[in-house]
Amino acid sequence: MKPKFAEIVFPLPFEKSFHYKIPDELVDLAKAGVRAVAPFGKRILTGFIINITDKIDIDIKELKSIEDIIDSKPIFDEKLFKFSKWVADYYFASLGEVLKAAVPYGSDVESKKSIVVDIEPIVEELEKLEGKDSNYSKLLKLLSARYIDNEEAGGNEFSISNLKKKYKAAGGKNLNYNLNKVEEKGLCTFFVEKQKPKVAVKTENLIELKKMSVEDFSSTLATIERRAPKQVDVLVTLFTAKEKSMFQKELIEKTNASGQILKALAKKKLIDIKPMEVKREYIEAYEEEKKNLILTEEQQNAFSIINETIQNNLFKTFLLHGVTASGKTQVYLELINEVLKKGKTAIYLVPEISLTPQVIRRIKNYFGEQVGVLHSRLSLGERYDEWRAIINQEYKIVVGPRSAVFAPLKNVGIIVVDEEHDHSYKQNDTIPYYNARDAAVVRATIEDAVVVLGSATPSMESYFNAQQNKYTLIELKKRIDDAILPTISFVNIIEEKKEDKLHGAFSQTLIDRIKEKTEKKEKVILLQNRRGFATYIICPDCGYTETCKNCSVTLTYHFFKKEYICHYCGFSKSEIEACPTCGSLEIKYKGVGTQRVEDELDQLIPNLRIARMDFDTTSQKGAFSRILSEFAQGNYDVLLGTQMVAKGLDFPNVTMVGVISAEASLMFPDFRSAERTFQLLTQVAGRSGRSKLKGEVVIQTLKPDNYVLQFVQKHDFTGFYMQELEERQSASYPPFHKIALIEFKGMNLNQVRKNAIDFFRLLKYDKNIVTVLGPTPAAIAKLNNRYRYHIILKSKRRVDPAGNYLHKVLKSAEVEFLKKFRTTNVKLLIDIDPVSLT
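Remember, it's a predicted structure, so these values are computed and weren't measured experimentally.

## Here we look at the overall build of the protein
From N to C terminus, the protein includes 27 helices and 35 strands. Its C-alpha atoms give the protein a radius of gyration of 31 Å, within 12% of the compact-globule value 28 Å for 838 residues. When its C-alpha atoms are laid out on the principal axes, the protein stretches across 85 × 80 × 65 Å. Burial status across the protein gives 53% buried among its 838 residues. Once local pairs closer than 6 in sequence are excluded, the contacts in the protein between residues at least 24 apart make up 74%.

Structure (structure tokens):
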């Protein structure tokens, strides 16, 4: 048989693919679209097969062989591959990195590099170096300390990854050089071991009763009744069970039998024990009755316009701009229903923070078992099982956050992007830095599907595209059920303070309104978009503040933990009683977080039932659902939280929303701060008065005359859009310019600065098309113990509409930079269409 070869890409930061021999025993399994386990240098990695061939232009003697195939069927088809390739090219990522983003974490196979040390010779070597504080001696001390991995148990095998962390913490440098030195002296040995995936298929034993007549069954019982009564219990339980079978766990619980009893029955050939795959399912605690809704005239019009494109199997992008509570969700569901009738599938994207149990329940109420859900509240096993069910085409609809845009559905007919303005659609923590909203439009182009972007506050870019007729704009201007938009009023915090009407974070006006609403058994939602108790602490005598040791930001005080915590890297330290600089006991807690708001409100209105919803209270599994369910059932009067409470929630008895501080996002140093503030305040205001009960919104602010707040009060999106458009055009920002953010980060400030300058000098561009800003330190100059420098490129959309010229400029500079200046100590990141420049 002619030998076959697999072309594989790995989730590594380079674009090259690699060829491997396919062993005879894997030939039938190896195909384009499956994952393969293969050696890569000294490591074992999981890669993606993108092509199978029997002809290659290189010496096959040099080729290594694939070790294993992970998937029984392709996890991506030709269309999904084409889409992934576009994401890689557009967002400056490798194809392997993009494909990995489409796969659930923990399901791949990798190798782990370990080191085995000989402790006694290391101790002797240390004694020779007594008094020296070199990098070599630091490493020897760590290897002899026995506090890495399993050292407490007296082991001498260490993980390289853990050793790296300890070595860095000890101030050591040039780890690889010093490890080689230790190895050359015979003090340690390296070895590479293949690790199992963190998650795999779950199986349970199914116990089946052998087929036999009633007479034979009675005869069998009579034979063993006296000697083995427990075995009789098992057999009778199985005989009366549905299909005469039961999972082992349930059977043992019902009969108090043991595994040995089951083995004995299997040995007598009275039962069969069969391992069966069991799906791990996330049980959503939140319940809601299904409502049979009839579309309003506006909704029907929107549905008809979009459905015409669906029926014609055409690609088109629609922007559904509907005020809060206008019934956008119902339009989505009706459209998805039409797509399913045509035998096609649907992807429903929701921002992670808006992917509430309410949203999931409503979609499942409508479509039942056809819906698969992917989100961060699933365990590794649950997410893996959902993803495998999608590959097996067990679902027609996939609901999820941004990563669901890669859902391996076939024959996609519609992609809904709900709350399309939300910035969480942009991935900014790991490569690829894609925007799921924009990526959804491209995937729909490839699939010949319809895209519906929906929002009460569309992004500037999407609304601009609609005005330019790139997207088709459809508007829903009325709320359903004859509900009217809430009245919005401002409380001037400065004036309240002058009149001595300010009680901590609360004005007397807001307190009175909360009392009035709750006394009438109506519900209140309060927004404070900062978690913790105080956003920073300060010593009034010397000005000392607690800052993060890894980031150039202040620490937030968390009252219940009695800790100062960095919300960027997670660093924490215990509460101090006195200033460490001057010894003063007068430590002041400044700024207001959700914990402080809750504490103050509890004191101002005793016996008020308050539910706080932020990262701290919802981090445990099921907490999100529990809080919402209890609020819906009337167990709480007030729902207080961060932006979690601003989106995706629909409670008919909420008649008031209070905003503790409108300035929380407005003063943020970013070109999108005005847009974000308008969107957040409009969205949270939309939680009020969603039924026939009239709603109101009270916003506390230092600047009630600010143009953003004025447009929020008038529910005037178009007015805000027009004014913000002028601001953006004069400052050369989107939607008039395409933007790229180049970031350099590393532990050595001088090296980071030098690399940024080196890259800047390699940029060759037409100044009539591209403007370059920087290099300069980032707004937050240090994060996670890494210094950061930024370069910003702006390309005129009028002459470079798709950003092709911008990409060409960047690619040319990147290739030359990596060739001349590449270093492992400084990381280069390219972010296309960033949502923030901080």
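That shown, we press on.
## Description of the sheet that holds strand β28 (residues 610-613)
Taken together, 6 strands build an open sheet; the order of strands is β19-β31-β30-β22-β29-β28 and the sheet is parallel. Both edges of this open sheet fall to β19 (487-492) and β28, since each of them pairs with a single strand only. On average, each strand axis in the sheet is tilted by 20° relative to the strand beside it, whichever way the strands run. Here helix α18 (residues 508-519) sits on the sheet and contacts β19, β22 (523-527), β29 (638-641), β30 (654-659) and β31 (696-701); the angle it forms with β30, its principal contact strand, is near 160°. Packing of helix α19 (residues 594-604) onto the sheet brings it into contact with β22, β28 and β29, and relative to β28 it is tilted by some 175°.

## Notes on the nonpolar core
Formed by 118 residues in total, the largest nonpolar core has its most connected members in L349, L639, F744, F759, L793 and L810. Sorting elements by how many residues they give to this core places helix α15 (residues 436-447) first, with 7 residues. Leaving out residues up to four positions away in the same chain, L349 has contacts with G400, P401, R402, A404, V405, I415, V416, V417, D418, Y425, A436 and A440. One finds I306, Y348, V350 and I360 within the second-largest nonpolar core, a separate group that totals 31 residues.

## Regarding unusual backbone geometry
With an omega of 15°, the peptide bond running from P734 to P735 counts as cis. The phi dihedral of K244 falls on the positive side, at around 50°, and the residue is not glycine. Relative to the elements of secondary structure, K244 occurs in the loop between α8 (229-240) and β10 (245-247). According to the relative accessible area criterion, K244 is partly exposed, its value standing at 35%. Backbone geometry at N313 places phi at a positive 55°, although glycine is not the residue there. Relative to the elements of secondary structure, N313 occurs in the loop between α11 (297-311) and β12 (316-322). Taking relative accessible area as the criterion, N313 reaches 36% and is therefore assigned partly exposed.

## Overview of a negative patch on the surface
The grouping of D118, E120, E124, E127 and E130 at the surface amounts to a negative patch. Relative to the assigned elements, D118 resides in the loop between β6 (110-117) and α3 (119-128).

## Let's talk about the environment of A646
Tracing the sequence through the fold places A646 in the loop between β29 and β30. C-alpha of A646 to C-alpha of L95: the two residues are 551 residues apart in sequence and 36 Å apart in space. Residue contacts for A646: discarding those within four places in its chain leaves L680, Q683, V684 and R687.

## Points about a positive patch on the surface
A surface patch of positive charge is lined by K42, R43, K113, K164 and K168. Tracing the sequence through the fold places R43 in strand β4 (residues 43-53). The partly exposed category is assigned to R43, whose relative accessible area is 40%.

## Description of helix α23 (residues 673-685)
When the terminal C-alpha atoms of α23 are compared, their 18 Å separation across 13 residues agrees well with the 18 Å that a helix rising 1.5 Å per residue should span. Looking at α23, one finds that the buried residues are S673, A674, E675, T677, F678, Q679, L680, L681, T682, Q683, V684 and A685.

## Digging into the pairing of strand β34 (residues 786-796)
In terms of residue burial, β34 counts as a mostly covered element, since 8 of its 11 residues are buried. Sheet topology note: the strand β32 (residues 737-746)/β34 ladder contains 10 bridges and is antiparallel. Across the sheet, residue G746 finds its bridge partner in β34, namely Y787. In this antiparallel pair of consecutive strands, strand β33 (residues 770-783) and β34, the connection spans 2 residues, and N784 shows a positive phi of 50°.

## Describing the sheet that holds strand β15 (residues 397-400)
An order of β14-β15-β13-β16-β17-β12-β18 is seen for the 7 strands of this open sheet, with the pairing classed as parallel. One side of each edge strand has no neighbouring strand; the edge strands of this open sheet are β14 (371-373) and β18 (472-476). Geometrically, the sheet is characterised by an average inter-axis angle of 20° between neighbouring strands, direction not taken into account. As judged from the 5 bridges shared by β12 and β18, these two strands associate in the parallel manner. The residue bridging L320 from the neighbouring strand is I474, located in β18.

## Some words on the packing of aromatic side chains
All chains considered together, the criterion is met by 32 aromatic pairs. Ring plane angle 50° and centroid distance 5.5 Å describe the contact between Y557 and Y564, whose orientation is recorded as tilted. Exposure remark for Y564: the relative accessible area of 0% places this residue in the buried category. Three or more aromatic residues joined by ring pairs form one cluster here, namely Y463, F678, Y707, F711, F717, F720 and Y721. Over the face of the ring belonging to F624 we find R377, whose NZ or CZ atom lies 4.7 Å from the ring centre.

## Details of the side chain of T46
Structurally, the position occupied by T46 is in strand β4. Residue contacts for T46: discarding those within four places in its chain leaves F10, P11, R35, A36, V37, I70, D108 and V109.

## A look at the pairing of β4
Most of β4 sits inside the fold, with 8 of its 11 residues counted as buried. Inspection of the sheet shows strand β1 (residues 5-9) paired to β4 by 5 bridges, in the antiparallel sense. Looking across to β4, one finds that F5 is bridged to T53. Of the strand pairs in this sheet, strand β3 (residues 35-40) and β4 are connected by 6 bridges, and their pairing is antiparallel. Considered in β4, the bridge of P39 is made with I44. Connecting the antiparallel pair β3 and β4 is a turn made up of 2 residues, with G41 showing a positive phi of about 65°.

## Quick look at the pattern of salt bridges
With the rule as written, the count across this model stands at 46 salt bridges. A salt bridge links E499 to K501, with the shortest nitrogen-to-oxygen separation between them at 3.3 Å. Between E696 and K517 there is a salt bridge, and its shortest N-O distance comes to 3.5 Å. Residue E696 is found in strand β31, and its partner K517 is found in helix α18; the two are separated by 179 residues along the sequence. Here the two residues E696 and K517 agree in accessibility, since each one is buried. Put simply, E461, R672, E675, E724 and R728 are held in one network by salt bridges that share partners.

## Observations regarding the side chain of S795
Mapped onto the secondary structure, S795 falls in strand β34. Classification of S795 by relative accessible area gives buried; the value is 0%.

## A closer look at the packing of helix α5 (residues 160-169) against helix α6 (residues 175-184)
Describing two packed helices takes the angle between their axes plus the distance from one axis to the other. At a minimum axis separation of 12 Å, α5 and α6 run at an interaxial angle of 115°. Here the hand of the crossing between α5 and α6 comes out right-handed. Here I160, L163, K164 and Y167 of α5 lie close against α6, whose contacting residues are L175, N178 and L179. Looking at the contact of α5 with α6, its residues break down into 5 nonpolar, 1 polar and 1 charged.

## Thoughts on the confidence of the model for the protein
When pLDDT is low, close inspection of the predicted coordinates is not appropriate. This prediction gives the protein a mean pLDDT of 91; 97% of its residues lie at or above 70. Low pLDDT, under 50, characterises residues 146-154; the predicted model gives this stretch 21 contacts beyond four residues in sequence or across chains.

Conventions and cut-offs
Residues numbered from 1 in each chain as written. Predicted model: local features only at pLDDT ≥ 70, side-chain atom pairs only at ≥ 80, totals over all residues. Heavy atoms only, no water. Helix = DSSP H or I, 4+ residues; strand = E, 2+ residues; numbered from the N terminus. Rg over C-alpha atoms; globule rule 2.2 N^0.38 Å. Buried < 20%, exposed > 50% of the residue type's maximum accessible area, 1.4 Å probe, protein only. Contact = heavy atoms within 4.5 Å. Pairing = 2+ DSSP bridges. Axes fitted to C-alpha atoms, helices over the stretch in contact; angles between N-to-C directions. Core = buried A, V, L, I, M, F, W, Y, C linked by side-chain atoms within 4.5 Å. Patch = residues over 30% accessible without salt bridge, like charges linked within 9 Å, V, L, I, M, F, W, Y side chains within 5 Å. Areas by Shrake-Rupley, 256 points an atom, 1.4 Å probe, with all protein chains shown as cover. Salt bridge = Lys/Arg side-chain N within 4 Å of Asp/Glu carboxyl O. Lys, Arg positive; Asp, Glu negative; His and termini not counted. Charge placed at Lys NZ, Arg CZ, Asp CG, Glu CD. Expected span 1.5 Å × (residues − 1). Phe/Tyr/Trp six-rings, centres within 6.5 Å; stacked < 30°, edge-to-face > 60°. Lys NZ or Arg CZ within 6 Å of the ring centre and 35° of its normal. Left-handed = near helix turned anticlockwise from the far one by under 90°. Nonpolar A, V, L, I, M, F, W, Y, C, P; charged D, E, K, R; others polar. pLDDT = per-residue confidence, 0-100.

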